[in-house]
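# Descriptive structure summary
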Amino acid sequence: MDYSTLDGYYTIMAQPCFGKFYSREFIASKVPKELPYYQELVDAADRRFSIIRNLTSNYYTVFTYSGLRDFCETGVFCDMPREYVQPCTTKEKLSLMQALKDGIADGSITGLIVNPSKFQIPEYLTFTISPDKGIHIFTTLMFEEKAYHSNMHILEPIISKAFFDFILSLPASEYVYSKEDTLKILDELIEHCS
């Protein structure tokens, strides 16, 4: 939470970030009730995602086709330990993917699928970037050591700005698919998941 900003959210990872659509009720349904500190986990996650839910602009999620397809097929969030976050049902997957598609279509979300021939995202890492709070790198389920809590924070302003400027340049670049192609891919995967 300390590395979030009220001015926007910028992330690069294998799956799209669906955090904007996580209600408190959804969070509570995904955290297993038998876990110790269940209520504290739900409260902390809700505080975290309320920041993202309340963003009205500058929501960038850069992801891969394979990451989106894997979510469609498994309902598993690749950046969350499975012991703490249950997979989504088919209805939940479809709802999240449709909400993402609608946000991209209306321009409230900048959702970018990377062109794998031009740009690769390691499936075992998540990057979040803000110009004033740095670059934050977290491991995902695909990390070989399965150390879900591994993270690194780079607070160097010049490096942070370079990464931030790179993300802002992506929509007009060859590194990602066009908005039209992204929406078409989402339509196809929503149909596939139905």
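See the structure printed just above.
Report on the accompanying structure. Counting from 1, residues in each chain are numbered in the order their sequence is written. Since the coordinates come from a predicted model, pLDDT governs what is reported: local features require at least 70, and pairs of side-chain atoms require 80 or more to be given and counted, while whole-chain, interface and lining totals use all residues. Side-chain numbers here rest on the full set of heavy atoms in the structure, without hydrogens or water.

### Remarks on helix α2 (residues 38-53)
Secondary structure counts use DSSP, requiring at least four H or I residues in a row for a helix and at least two E residues in a row for a strand, with both numbered from the N terminus. Residue count minus one, scaled by 1.5 Å, sets the expected span of a helix. In this model α2 runs 21 Å from its N-terminal to its C-terminal C-alpha over 16 residues, within 8% of the 22 Å that 1.5 Å per residue would give. Each residue gets one of three labels from its accessible area relative to the maximum for its type: buried under 20%, exposed over 50%, partly exposed in between, using a 1.4 Å probe on protein chains only. Those residues of α2 not exposed but buried are Tyr 38, Val 42, Ala 45, Asp 46, Arg 48, Phe 49 and Ile 52.

### Digging into the pattern of salt bridges
One side-chain nitrogen of Lys or Arg within 4 Å of one carboxyl oxygen of Asp or Glu is enough to make a salt bridge. Scanning the model with the defined rule gives 8 salt bridges in all. Of the charged contacts, one joins Asp 46 and Arg 53 as a salt bridge, the two residues approaching to 2.8 Å between their closest N and O atoms. Asp 46 gets classed as buried once you look at its relative accessible area, which sits at 13%. By sharing partners, the salt bridges in this structure join Arg 24, Asp 43, Asp 46 and Arg 53 into a single network.

### Quick notes on a nonpolar patch on the surface
A surface patch of nonpolar side chains, about 330 Å² in accessible area, is lined by Tyr 37, Leu 41 and Tyr 84. Inspection of the secondary structure assignment puts Tyr 37 in the loop between α1 (24-30) and α2. Under the relative-accessibility criterion, Tyr 37 is labelled exposed at 62%. Patch membership requires over 30% relative accessible area and the absence of a salt bridge. Like charges are linked within 9 Å, and nonpolar side chains (Val, Leu, Ile, Met, Phe, Trp, Tyr) within 5 Å. Each accessible area is a Shrake-Rupley result for a 1.4 Å probe, and residues are judged covered by the shown protein chains and nothing else.

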